[in-house]
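Observations on chain architecture
Residue strings, one per chain:
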Amino acid sequence: MDKVETLEEVSSALTGEKKKIVLKEHIVEIVSDAGEGAQKAGQAFGAISARSGNGIWTVEIIPAEIQPPPRSKAGGSGNRIRVGSFYVTNAGDEADLVVAFNEQALLGRFESDNLKPNAIILLENKWREHADPEIKKLYRDTMEELKNTKLRIYEVPMERECLKIVDNAQRGKNMWALGMLCSVYSRDMEAARNEIRLTFAKKGEKVIKPNIDLLEAGYDWAEKNLDFKFEIPSAGITKPQIVVNGNQAIALGVVASGMDVCAMYPITPATSASHFLSEIFENVGGVVHQAEDEIAAAAFAVGASYAGKCAVTITSGPGMSLKTEVLGLASMAEIPLVIVDVQRGGPSTGLPTKVEQGDLLMSVFHTHGDAPKIVMAPATIEDCFYAPITARKIAETFRMPVYVLSDANLATGQQPFTKPEFKEEWVAPPFDQSPVPKGKAPYDWDEETGLSKRIIPGQPNGMHTVTGLAHSNMSKVAYEPKTNQDGCDSRSKKLAAFQKTLQTPKVYGKESGDVLLVGWGSTKGVIEEAVDAANEKGYAVSSLHLKYLQPMASGIKEILQNYKKVITIEINYSDDRKYQIFDENNRRYANLAWLLRARYLIDVDNWSNVYGQPMKPHSILDMLNEHFAK
Amino acid sequence: MFGINQNCEIALPDTYYTLEDYQSNVPRWCPGCGDNSILTSVQRLCRDEQLPPEKTVFVSGIGCSSRFPHYMGTYGFHGLHGRALPIAQGVKIRRPDLDVFVNMGDGDCCSIGTAHWIHAVRYNMNLVALLHDNEIYGLTKMQVSPTSPQGLVTNTTPRGAFLKPIKPLSVTLGISNVSFVAQVAEWMPELMYDVLKMAYHHKGFSFVRVVQRCPHFTPHVFDNILSPDAALLLQHDDGLRSSDTMLKIYKSQEEHDPSNLNRARELAEREDCLPVGILYRNENVEVYDETRRRKRAVTHEMRKAALEKEFSKFLVEPVTGGNGHA
């Protein structure tokens, strides 16, 4: 077996007779019109790869509409799977191999720079002889055009081959394509058959049988007709893994945290978390309340939290804007609450299905006046599972809203993680309903930490009225100037007390050097991969990833000072200095850069964009190349 | 002896709550404000029903009327303008054991919180909602309200309100799942008490509009209905039967079956008089908090089992030896 690692070498190795080429990693895409099953095939391929011990990261390719016009560039639907012989932490760079069910979906991916210039394309060729002359012409013209590119296109008679087995190739072509991929990547066919049995378990043998037949037909066709074959060795992952996306992980985490009231309003890309939660609650008991609007959802959750255990509300940026007043109330009245914000592109309606990390400053600062809250951001799919558990605990301990900032990347990304073992301590103990000593203050603020024990309805002698008005420790409306100052001091002390519990985050790479990249949220894997690549090139680059954004742990300033330059890497807006009008007097920074500059008085720079695309490791490397070339 | 059971015992409850138990801070409403009258009726109701103060919650929005919880000796939640209803719903879904009341002004209910009002009727949760309707924004100093009569001079409508007012009863009666609608005036304390009592015992969402004077800004807005002759007292065996005294004072009466939704809607539209009493009552409407109630407590074992079940759906156990062959 030849060991080939770069794509250039792959291309040259492909000439001549069929060899099995061993790869470190490959990025595979399957794209089709919506409803043709590319997503299912992609997910199955990801799962089969994970079973083979590979590291994987899969991302959905989603059109904005439910049923976009067929054969359109923007309507492509499918899956991107990065398969590696190592633990994969992000979606990676451009795709190496694409299975496309029509040439327009392929063009859509190609023109948006998602494919490597010399990617291998396995394209359905039924359009070449299509009855509709326009479609036929478009296909042939496109093929002519693509001849001028470096793409290595294989026209594959997918439908024709499928029709040998089933009457309707529309349903089943995806499994034929899966079989083809199994041949290309030397997958264990028994694992593939099992995956199909699992996928269609509910539908029974009548559906399983033809799908397995299609799978095998696809495999056989590829074995006979394709002149290449790859192998991606196992990453040595042996523990049982859970393969879910970030939203599913959040829903599972909510169940594991013991929170059993979730109030929400439908919003992309957050809603699928609530879908899944609704389903689980059917078994284990709990309420997903779809409220009449975002404000009501937050208020409903606050009401539930006030009367007992902490509740959760799940939303995205536009929902956060609406919930602002309720979150201010929760902070003011010291009611625990977990808010999950699956961020999407903004401002306004923005890019509903695309990724952005644009809600950080809003989360830290929104609401009028001073309303302390805690902001944390999961960096991986595994983090998405544990975040609600941690957030619930913090919210109840510190009587404060806790924001969990996920994003569209995590929401639809899949990365296996070790199967969690449920621990009873994840769930809050039952609320103490015993009588309160007479005259006990509902906000018995500790002088040092501002902490106080919550009194809830049902506790005799504890009767009081919580209020969003400035109030004393007895929850009496403030009519003296000092009362509001005292209340604000006490609530802020809680944030400081929480900050004292945070550990200094660890630097990835050397502890000093030329450049420190600072990130937060879903970009951890990408940034660290870029750091590895930069170090290989001889650059002295390290990275720091922050999971707690408000408050931040101690020791961060000292870390930042160890590097000549600090650059935040963020998927949000910042002024691009290529425009002359932006100068040091008006320049607007990326979210985290603002925070770091304000807190640490260090001249932190930023590198950010709002393309709505997952960040690619090599794009960070390109930026570093430019930096070190100066 | 003389027919008296010598073994008789009087079962006295351990605790007897008096009116004082339901009182808290001295109200800071203006002298003559209708809110005082509502407060007294509610405290009387709590006392007569012997509601444990620790098991009773008053949730309010923002405005003069929403100070209400501060003056009760129970638990209270003085929340956000317009958002009293969703907060109360959250409390109720979490704690079906609590009696939850909602106090809203006309700005709260009929303006900034209108969406919540509409949906609260539809959810039909076990709550008693009081609309303190003085037809003016008082706390913010006399701005026009959605219930202000057309032509009312206010600080934002110096030449008179432009629009016709919204009719809270008509709106409520127009929403599916409506289950209890009543109207009273704060100057009829006896009727208010009777109506509140029925509202409290109703299973579902009880919506009570209390017509309420603002002596400071709208002292004359109800002049045309202040006279006992202007009220139309609704009577029925399935609704309310008023005392003889009431029947003598309020001579204008109607036998109105509270299950008659169409007639209730007609009454709600009346502008020539103030229909007071129970307009609509239907106990057979599904109650959201009962529908959604968790059937049993979830133990750690159940939670673990449910998680394991979900995990098993997404479990990938790597095949040792890596890539195999067909």
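For the structure itself, consult the block above.
Quick look at the structure, then. Computed from a predicted structure; not experimentally measured. (Residues numbered from 1 in each chain as written. Chains lettered and ligands numbered in written order. Predicted model: local features only at pLDDT ≥ 70, side-chain atom pairs only at ≥ 80, totals over all residues. Heavy atoms only, no water.)

So, on to the overall build of chain A. Broken down by element type, chain A carries 20 helices and 24 strands. Its C-alpha atoms give chain A a radius of gyration of 27 Å, within 12% of the compact-globule value 25 Å for 630 residues. Here chain A, with 630 residues, has 61% of them falling under the buried criterion. Sequence-distant contacts, at least 24 apart, represent 76% of the contacts inside chain A between residues at least 6 apart. Element-wise, carbon and sulfur atoms account for 51% of the exposed surface of chain A, whose accessible area totals about 24,600 Å². Distance between charge centroids for chain A: 2 Å, based on 71 positive and 81 negative side chains. (Helix = DSSP H or I, 4+ residues; strand = E, 2+ residues; numbered from the N terminus. Rg over C-alpha atoms; globule rule 2.2 N^0.38 Å. Buried < 20%, exposed > 50% of the residue type's maximum accessible area, 1.4 Å probe, protein only. Contact = heavy atoms within 4.5 Å. Areas by Shrake-Rupley, 256 points an atom, 1.4 Å probe, with all protein chains shown as cover. Lys, Arg positive; Asp, Glu negative; His and termini not counted. Charge placed at Lys NZ, Arg CZ, Asp CG, Glu CD.)

Spatially, β18(A)-β2(B)-β1(B)-β3(B)-β4(B)-β6(B)-β5(B)-β9(B)-β7(B)-β8(B) is the arrangement adopted by the 10 strands of the open sheet, whose pairing is mixed. Whereas interior strands pair on both sides, the edge strands pair on one side only; in this sheet they are β18 (465-467) of chain A together with β8 (253-255) of chain B. The average undirected angle you get between the axes of adjacent strands in this sheet is 20 degrees. Judged from the four bridges that link them, strand β5 (residues 180-185) of chain B and strand β9 (residues 274-281) of chain B form a sheet pairing that is antiparallel. For F180(B), the partnering residue across the bridge sits in β9(B) and is R281(B). (Pairing = 2+ DSSP bridges. Axes fitted to C-alpha atoms, helices over the stretch in contact; angles between N-to-C directions.)

On to helix α4 (residues 133-146) of chain A. Residues and elements named next belong to chain A. Taking 1.5 Å per residue, 14 residues should reach 20 Å; α4 reaches 20 Å between its end C-alpha atoms and fits that length. Along α4, the residues that are buried comprise I135, Y139, T142, M143 and L146. Here the buried residues of α4 occupy an arc of 100 degrees about the axis, which is enough to place them on one side. For α4, exposure combined with an orientation more than 90 degrees from the buried face picks out P133, E134, K137 and E145. Here the buried face of α4 lies against α3 (103-111), β7 (115-124) and β8 (152-156). Measuring from the backbone nitrogen of E134 back to the side-chain oxygen at the start of α4 gives 2.9 Å, which picks out D132 as the cap. (Expected span 1.5 Å × (residues − 1). Arc of directions from axis to C-beta. Polar contact = N/O pair within 3.5 Å; in protein donor to acceptor, adjacent residues only side chain to side chain.)

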